[in-house]
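Residue strings, one per chain:
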Amino acid sequence: MNQIKHIFFDLDHTLWDFEANAQLTLQEIFEEFNLASEINTDVQSFCNAFLAVNYEMWKLFDDRKINKQQLREQRGPKVLEKFEVINPELAETIESTYLKRCPTKGQVFPHTFEVLEYLSKKYTLHILTNGFQSSQKIKIDYANLRPYFREVITSECSPYKKPDLAYYEFALQKIKTTSTKVIMIGDNLRNDILPPRELGIKAIHFDPKNSFSQDSINSLHQLFELL
């Protein structure tokens, strides 16, 4: 690892605990807008439905089948459709409240700060994310991650997005380095691991649910041993 000078980190699901932060936000929305009676369901069913729709919508976004506006316009109605409810005003209220609040939740994965403190003394750290510029900035600030990273490269400040190889080439050019001097760390095999490896960038798969192979790490603490 002596030649490694930079580390690329994914943000959501790798440092910023998306599921924990989204769950907390959705529970607040459920209570505040009395969704138990509005859509006749329980809080966990609502959370599960939202997260399932969100996953589907982001997959379409990553595949360039929908854009940012379509993602945000369609997500709320599709969640309500799961409960056979058509209510555009309520869908918009859920969506706008979620967009405003979720990025302000600051829960990160265990060992995030001790690992970043350690790594930032040895390497220059950067974030690579398909998330939108405004929301990712808020997440980073509220989670107190800002001091550790030099560049934050989103899909909105690049002509490309993950899993495009050109996105990683753009990132290398942005920080003025080469593939052999970088490691990528992320949770998504399709977006974070396989593309950089095609370019000769070492990549470490973060799998906190331990659902993939033994080649993955399931705790950020393991980075102490690897890096």
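Since the structure is predicted, the reported quantities are computational estimates derived from the model, not experimental observations.

### Some remarks on the overall build of the chain
A tally of helices and strands in the chain yields ten helices and five strands. For 227 residues, the compact-globule estimate of 2.2 N^0.38 gives 17 Å, and the C-alpha radius of gyration of the chain, at 18 Å, lies within 12% of that figure. Referenced to the eigenvectors of the C-alpha coordinate spread, the extents of the chain come out at roughly 60 × 35 × 30 Å. The 227 residues of the chain split such that 48% are buried. Sequence-distant contacts in the chain: of pairs separated by 6 or more residues, those separated by 24 or more amount to 67%. Taken as a whole, the chain presents about 11,300 Å² of accessible surface, with 48% of it coming from carbon and sulfur. The centroid of the 27 positive side-chain charges in the chain is displaced by 9 Å from the centroid of its 31 negative side-chain charges.

### What to know about the pairing of strand E4 (residues 182-186)
The element E4 is extensively covered by neighbouring structure, given that five of its five residues are classed as buried. Here E4 shows two buried faces, one formed by Val182, Met184 and Gly186 and the other by Ile183 and Ile185. As judged from the four bridges shared by strand E1 (residues 6-9) and E4, these two strands associate in the parallel manner. Looking at E4, one finds that phenylalanine 8 is bridged to methionine 184. Direction of pairing for E4 relative to strand E5 (residues 202-205): parallel, over a ladder of four bridges. Residue pairing for E5: methionine 184 is matched across the bridge by alanine 203. Crossover E4 to E5 through helix H9 (residues 189-198) is right-handed.

### Some points on helix H6 (residues 112-120)
All of the buried residues along H6 are Thr112, Val115, Leu116 and Leu119. The buried residues of H6 all sit within an arc of 95 degrees when viewed along its axis, so they share a single face. Structurally, H6 contributes buried residues whose contacts are with E1, strand E2 (124-129) and helix H10 (223-226).

### Focus on H9
Among the residues of H9, those classed as buried are Asn191, Asp192, Ile193, Pro195 and Pro196. Considering only its buried residues, H9 is in contact with helix H3 (43-62), helix H8 (165-174), E4 and E5. In the segment just after H9, glycine 200 is the residue with positive phi, at about 85 degrees.

### With respect to the sheet that holds E1
Read across the open sheet, the five strands follow the order E3-E2-E1-E4-E5; overall the sheet is parallel. With one partner strand each, in any of the chains shown, strand E3 (151-154) and E5 form the two edges of the open sheet. The mean inter-strand angle of the sheet, taken between neighbouring strand axes irrespective of direction, is 20 degrees. Contacts from H8 reach E1, E2, E3 and E4 within the one sheet, and its direction differs from that of E3 by about 155 degrees.

### As for the pattern of salt bridges
Oppositely charged side chains can form a pair if their charged atoms are brought close together. Under the definition given, this model contains 14 salt bridges. One salt bridge in this structure joins aspartate 12 and lysine 139, with 3.0 Å as the shortest N-O distance. Here aspartate 12, found in the loop between E1 and helix H1 (18-32), pairs with lysine 139, found in helix H7 (residues 133-142); they are 127 residues apart in sequence, far enough to count as distant. Each member of the pair, aspartate 12 as well as lysine 139, is classed as buried. Here the residues in one salt-bridge network are Glu28, Glu32, Arg101 and Lys105, joined through shared partners.

### Here we look at the nonpolar core
Residues Phe9, Phe46, Leu119, Leu125, Phe149, Leu223 and Leu227 are the most contacted members of the largest nonpolar core, which totals 55 residues. Mapped by element, the contributors of at least two residues to this core are E1, H1, H3, helix H4 (68-81), helix H5 (88-101), H6, E2 and E4. The leading source of residues in this core is H3, at eight residues. Leaving out residues up to four positions away in the same chain, leucine 223 has contacts with Phe9, Val115, Tyr118, Leu119, Ile185, Ile204 and Ile217. Leu172, Ile175, Met184 and Ala203 belong to the second-largest nonpolar core, a separate cluster that totals 13 residues.

### Regarding the environment of serine 134
Here serine 134 is to be found in helix H7. A relative accessible area of 43% places serine 134 in the partly exposed class. For the pair serine 134 and glutamate 225, spaced 91 residues apart in the sequence, the C-alpha separation amounts to 34 Å.

### Section: the environment of glycine 76
Counting through the fold element by element, glycine 76 comes out in helix H4. Through-space distance from the C-alpha of glycine 76 to that of leucine 90 is 8.2 Å; in sequence the pair is 14 residues apart.

Cut-off values and rules
- Residues numbered from 1 in each chain as written.
- Predicted model: local features only at pLDDT ≥ 70, side-chain atom pairs only at ≥ 80, totals over all residues.
- Heavy atoms only, no water.
- Helix = DSSP H or I, 4+ residues; strand = E, 2+ residues; numbered from the N terminus.
- Rg over C-alpha atoms; globule rule 2.2 N^0.38 Å.
- Buried < 20%, exposed > 50% of the residue type's maximum accessible area, 1.4 Å probe, protein only.
- Contact = heavy atoms within 4.5 Å.
- Areas by Shrake-Rupley, 256 points an atom, 1.4 Å probe, with all protein chains shown as cover.
- Lys, Arg positive; Asp, Glu negative; His and termini not counted.
- Charge placed at Lys NZ, Arg CZ, Asp CG, Glu CD.
- Pairing = 2+ DSSP bridges.
- Right-handed = clockwise from strand over helix to strand, strands pointing away.
- Arc of directions from axis to C-beta.
- Axes fitted to C-alpha atoms, helices over the stretch in contact; angles between N-to-C directions.
- Salt bridge = Lys/Arg side-chain N within 4 Å of Asp/Glu carboxyl O.
- Core = buried A, V, L, I, M, F, W, Y, C linked by side-chain atoms within 4.5 Å.

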